[in-house]
Amino acid sequence: MTLVVLAIAAVLLSFERICYVWAWRYPGSFCRFSGYPGVSVFGSPVAVLQNLFYGFKAIQILTFFSWCLFFGHGSLVPLDGSIFSFTLGVVLILSGQFLNVSVFRRLGEVGVFYGNRFGYDVPWSEQFPFSVLKHPQYVGATLSIWGFFLMMRFPHNDWLMLPSLETVYYILGSYFEQ
């Protein structure tokens, strides 16, 4: 049963990375998609990608909580973790979200949602957090995911499955978005 649950989670979590690689590598195709009836109501390709981002985050959060409910036998309360794993989880989440907020503040919505691929002038930034990391938003998201599972599922055997999967997805995303 664990492999089936992992496969379902893997498919659900892959949609986000696939969409971002599509938008990055094939911006013309994504722009055409953004013009379809029903999609164009969201506006520009940047706005479409931003709305997809919110949808993907909802899928990600629901997948994570469903995982915790399934493997926690219906409970979301992390009963078996230590204060150390809980505290480290909080530190990782806060660090990750700090990086994510820093990226949004530095680039703005147009920069974060691939505006440079859709014809907007988005200057390259070498200021923090880009002065420290090549992909600070992906590092921030990954830190947050690891922190969440340290808090919620550590020390159970399943605790590192989704963070490991997501780490691979973010590494592949950063590779294919070059």
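Here, every reference points to the structure presented above.
What counts as what
- Residues numbered from 1 in each chain as written.
- Predicted model: local features only at pLDDT ≥ 70, side-chain atom pairs only at ≥ 80, totals over all residues.
- Heavy atoms only, no water.
- Helix = DSSP H or I, 4+ residues; strand = E, 2+ residues; numbered from the N terminus.
- Rg over C-alpha atoms; globule rule 2.2 N^0.38 Å.
- Buried < 20%, exposed > 50% of the residue type's maximum accessible area, 1.4 Å probe, protein only.
- Polar contact = N/O pair within 3.5 Å; in protein donor to acceptor, adjacent residues only side chain to side chain.
- Contact = heavy atoms within 4.5 Å.
- Salt bridge = Lys/Arg side-chain N within 4 Å of Asp/Glu carboxyl O.
- Patch = residues over 30% accessible without salt bridge, like charges linked within 9 Å, V, L, I, M, F, W, Y side chains within 5 Å.
- Areas by Shrake-Rupley, 256 points an atom, 1.4 Å probe, with all protein chains shown as cover.
- Phe/Tyr/Trp six-rings, centres within 6.5 Å; stacked < 30°, edge-to-face > 60°.
- Axes fitted to C-alpha atoms, helices over the stretch in contact; angles between N-to-C directions.
- Parallel < 35°, antiparallel > 145°, perpendicular 65-115°, else oblique.
- Nonpolar A, V, L, I, M, F, W, Y, C, P; charged D, E, K, R; others polar.
- Expected span 1.5 Å × (residues − 1).

A.B. asks: Can you help me understand the overall build of the protein chain in this one?
C.D. replies: Within the protein chain one finds six helices and zero strands. Secondary structure elements in the protein chain, listed N-terminal to C-terminal, are α-α-α-α-α-α. The globule rule puts the C-alpha radius of gyration for 178 residues at 16 Å, and the 17 Å found for the protein chain is close to it. For the protein chain, the C-alpha atoms occupy an extent of roughly 50 × 35 × 25 Å along the three principal directions. Each of the 178 residues in the protein chain was classed as buried or not, and the buried ones make up 41%.

A.B. asks: Would you mind going over the side chain of serine 102 with me for this structure?
C.D. replies: Structurally, serine 102 is set in helix 4 (residues 83-112). Here the side chain of serine 102 touches phenylalanine 98 through a polar contact of 2.7 Å, landing on its backbone oxygen. When near neighbours in sequence (up to four residues on either side) are disregarded, serine 102 contacts Phe128 and Pro129.

A.B. asks: Looking at this structure, how should I read the pattern of salt bridges?
C.D. replies: Under the criterion given, the structure shown has three salt bridges. Here glutamate 16 and arginine 17 are joined by a salt bridge, their closest N and O atoms 3.6 Å apart. Ionic pairing is found between arginine 153 and aspartate 158, a salt bridge with its closest N-O pair at 2.7 Å. By relative accessible area, arginine 153 is classed as buried at 6%.

A.B. asks: Explain a nonpolar patch on the surface here, please?
C.D. replies: Among the surface-exposed residues, Val4, Ile8, Val11, Leu12, Phe15 and Ile18 lie close enough to one another that they form a single nonpolar patch of about 530 Å² accessible area. Take valine 4: it is sitting in helix 1 (residues 2-25).

A.B. asks: How should the packing of aromatic side chains be read in this particular structure?
C.D. replies: Each aromatic ring pair is summarised here by two numbers: the centre-to-centre distance and the angle between the ring planes. Within this structure, the stated rule accounts for 23 aromatic pairs. Seen from their ring centres, phenylalanine 98 and phenylalanine 128 are 5.8 Å apart, and the 40° between their planes marks the pair as tilted. Here phenylalanine 128 lies in the loop between helix 4 and helix 5 (136-152) and phenylalanine 98 lies in helix 4, a separation of 30 residues in the sequence. With relative accessibility at 48%, the residue phenylalanine 98 sits in the partly exposed group.

A.B. asks: Where do I start with the packing of helix 2 (residues 27-34) against helix 3 (residues 45-71) in this structure?
C.D. replies: If you want to describe how two helices pack, look at the angle between their axes and the distance between the axes. The contact between helix 2 and helix 3 brings their axes to 9 Å, and the two run at 85°. The pairing of helix 2 with helix 3 is recorded here as roughly perpendicular in orientation. Of the residues in helix 3, those in contact with Phe30, Cys31, Phe33 and Ser34 of helix 2 are Pro45, Val48, Leu49 and Leu52. For the contact of helix 2 with helix 3, the class distribution of residues is seven nonpolar, one polar and no charged.

A.B. asks: Would you explain the environment of serine 131 in this entry?
C.D. replies: Within the element layout of this structure, serine 131 appears in the loop between helix 4 and helix 5. A polar side-chain atom of serine 131 sits 3.4 Å from the main-chain amide nitrogen of phenylalanine 128.

A.B. asks: Where do I start with helix 4 in this structure?
C.D. replies: With 30 residues, helix 4 extends just 35 Å between its outermost C-alpha atoms, more than 12% less than the 44 Å of an ideal straight helix rising 1.5 Å per residue. Among all positions in helix 4, only Ser85, Gly89, Leu92, Gly96, Leu99, Asn100, Ser102, Val103, Gly111 and Val112 are buried. Summarising the contacts, the buried residues of helix 4 are in contact with helix 5. Looking one or two residues beyond helix 4, the residue adopting positive phi is tyrosine 114, at roughly 60°.

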